[in-house]
Amino acid sequence: MKTNPLFDKCVANVAPEVMEEVSLNVDIANRIYDLLKKRKMTQREFAALMGKRESEISRWLTGSHGFTTTTLAKIAAVLGEPVVEVKKVPEVKYVFIPARGFMTPSESYDGAFNNQSRNYFSMTYLN
Amino acid sequence: MYCMGKLELVIESDNVSIYSPKFDGETQTEFEKFMSDNGSLPHPQLKKDFDAIIALIKKMVNDCGARENLFRLEGKNIKAIPLCIEQRRRRGVGTLRLYCIRISERILVIGNGGIKKVRKYEDDPVLLDIVDKLRSIEHQIYIETRRAHSDYEDYQKVKTIIETITI
């Protein structure tokens, strides 16, 4: 491992959102490139299926393009696999237990989270 | 034709080894000169270009290496690091470019760069000189690699060549 003090200083001056944007653009570009290789599809064939010029596809693959969800959906349809995936976190429901007066995840509560408990929760706080 | 010098290892990680030419009598490598000269450009668009270049190199170092698809071909094995951020560009501002030789996914030689205001780098004498120097270096690495009966994918052999040649 070798680092460079001047480079590290430059990195420290880059706004976190720029780092994130570049990282995301590169990840998407790499993913499309890998899917094209997997499908043994040339950039020209891909461009034709996408209705784009080959030069535009080439630019996409360098990571210098910000994709819209519409374009990402079309790429996924053409290549048969999703390009990006949104992490799905299981929903955690909270219920109010009047006797104790604190919130707890619904998994630990054997009753359903219903309108009645929600109303009680509101009333308790309002009063 | 050019000053003598060496290729100096500037950054290394598990993903990529980055070298840069350092000419005799100079205190900085070409990549360090690029960072010193362009690190505080006053125009916000050019500042954003610089940050995007730095962020891309950081991404290569930390994560994906010098993947083939991430470079813009500028002719005869010389590549430019593209700007990984799309933005509206005001006329006359130009774009910041950094030129390099991509040997393989694990070896990258970064040269100098500058603001490109012309359509082709050949029309700018400063940029043309940077690219010509890199072209000459790439030719030397290629000749030495051939002489060693190797190819650019042989990481250890090419690394040894790069660290020993005089440019």
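Residues numbered from 1 in each chain as written. Chains lettered and ligands numbered in written order. Predicted model: local features only at pLDDT ≥ 70, side-chain atom pairs only at ≥ 80, totals over all residues.

### Brief notes about the overall build of chain A
We apply this condition: Under the DSSP-based scheme used, a helix requires at least four consecutive residues in state H or I and a strand at least two consecutive residues in state E, with every element numbered from the N terminus. In this scheme every C-beta is placed from the backbone, and a residue whose C-beta has 20 or more other C-beta atoms within 10 Å is buried, one with 12 or fewer is exposed, and one in between is partly exposed. Whether two residues are in contact depends on their C-beta atoms, placed from the backbone: they are in contact if these lie within 7 Å.
Assigned secondary structure in chain A consists of 6 helices and 2 strands. Of the regular secondary structure in chain A, the N- to C-terminal order runs α-α-α-α-α-β-β-α. Relative to its full complement of 127 residues, chain A shows a buried share of 14%. Residue pairs in contact within chain A that sit at least 24 positions apart in sequence constitute 44% of those at least 6 positions apart.

### Remarks on the sheet that holds strand β6 (residues 107–116) of chain B
Residue and element names in this part refer to chain B. Note the cut-off: Pairing between strands requires that DSSP locate at least two bridges from one strand to the other. For helices, the fitted axis covers only the stretch in contact; all axes are lines through C-alpha atoms, and the angles between them, taken along N-to-C directions, range from 0 to 180 degrees.
Spatially, 6 strands are ordered β1-β2-β6-β5-β4-β3 in an open sheet, and the strand pairing comes out mixed. A single partner strand is all that each edge strand has here, and the edge strands are β1 (5–12) and β3 (72–73). Pairing between strand β4 (residues 78–81) and strand β5 (residues 95–104): 4 bridges, direction antiparallel. Among the inter-strand pairings, I78 is bridged to a residue of β5, identified as I101. Along the sheet, helix α1 (residues 30–38) makes contact with β1, β2 (17–23), β5 and β6, crossing β6 at roughly 35 degrees. Lying over the sheet, helix α3 (residues 125–147) contacts β2, β4, β5 and β6, oriented at roughly 165 degrees with respect to β6.

### Observations concerning the nonpolar core
Side chains of nonpolar character tend, in soluble globular proteins, to be buried together. Worth spelling out the cut-off: Under the definition applied here, buried Ala, Val, Leu, Ile, Met, Phe, Trp, Tyr and Cys residues are grouped into a nonpolar core through C-beta atoms within 7 Å.
With 58 residues, the main nonpolar core has I53, L56, L98, Y99, C100, L108 and V109 of chain B as its most contacted residues. Here L108 of chain B is in contact with V16, I18, A66, C100, R102 and I103 of chain B, once residues within four sequence places are set aside.

### Focus: the packing of helix α2 (residues 16–38) of chain A against helix α2 (residues 44–64) of chain B
Angle between the axes and distance between the axes are the two parameters that describe a pair of packed helices. Where we set the bar: Working definition: roughly parallel below 35 degrees, roughly antiparallel above 145 degrees, roughly perpendicular at 65 to 115 degrees, and oblique for all remaining angles. Two helices cross in a left-handed way if the nearer one is turned anticlockwise from the farther one by less than a right angle. They cross in a right-handed way if the turn is clockwise. Three residue categories are used. Nonpolar comprises Ala, Val, Leu, Ile, Met, Phe, Trp, Tyr, Cys and Pro, charged comprises Asp, Glu, Lys and Arg, and polar comprises the others, including Gly.
It is the contact of α2 of chain A with α2 of chain B, at a shortest axis distance of 9 Å, that shows an interaxial angle of 60 degrees. Here α2 of chain A is positioned oblique relative to α2 of chain B, judged by the angle of their axes. With respect to the hand of their crossing, α2 of chain A and α2 of chain B are arranged in right-handed fashion. Counted together, V18, M19, V22, S23, V26 and N30 of chain A of α2 of chain A and D51, A52, A55, L56, K59 and C64 of chain B of α2 of chain B form the full contact between these two elements. Residue composition of the contact of α2 of chain A with α2 of chain B, grouped by class: 8 nonpolar, 2 polar and 2 charged.

### Topic: the interface of chain A and chain B
With 26 residues of chain A in contact, the opposing surface of chain B contributes 27 residues. Looking at the side of chain A that touches chain B, the elements with two or more residues in it are α1 (5–12) and α2 of chain A. Its residues placed into classes, the side of chain A that touches chain B shows 14 nonpolar, 10 polar and 2 charged.

### Here we look at the confidence of the model for chain B
Residue and element names in this part refer to chain B. The condition is simple: pLDDT is defined as a per-residue confidence score from the predictor, taking values between 0 and 100.
The predicted model of chain B has a mean per-residue pLDDT of 91, with 92% of residues at 70 or higher. Within chain B, the element-level pLDDT minimum falls on β4, averaging 81, and the maximum on β1, averaging 98. Taken over the whole predicted complex, pTM reads 0.84, whereas the ipTM for its chain interfaces reads 0.92.

### Let's talk about the environment of S40 of chain B
For S40 of chain B, the position within the fold is in the loop between α1 and α2. Residue class for S40 of chain B comes out exposed when judged on the 10 C-beta atoms lying within 10 Å of it.

### What about the packing of helix α3 (residues 43–50) of chain A against helix α4 (residues 54–61) of chain A?
Residue and element names in this part refer to chain A. With their axes 8 Å apart at the nearest point, α3 and α4 run at an angle of 110 degrees to one another. The angle between α3 and α4 falls in the class roughly perpendicular. Counting all contacts with α3, which are made through Q43, R44, F46 and A47, the residues of α4 involved are E54, I57 and S58. Grouping the constituent residues of the contact of α3 with α4 by class yields 3 nonpolar, 2 polar and 2 charged.

### Some details on the pairing of β5 of chain B
Residue and element names in this part refer to chain B. By the criterion of burial, β5 is predominantly enclosed, with 8 of the 10 residues buried. As paired strands, β5 and β6 are joined by 8 bridges and run antiparallel to one another. Looking at β6, one finds that I101 is bridged to V109. Between β5 and β6, which follow one another and run antiparallel, lie 2 residues.

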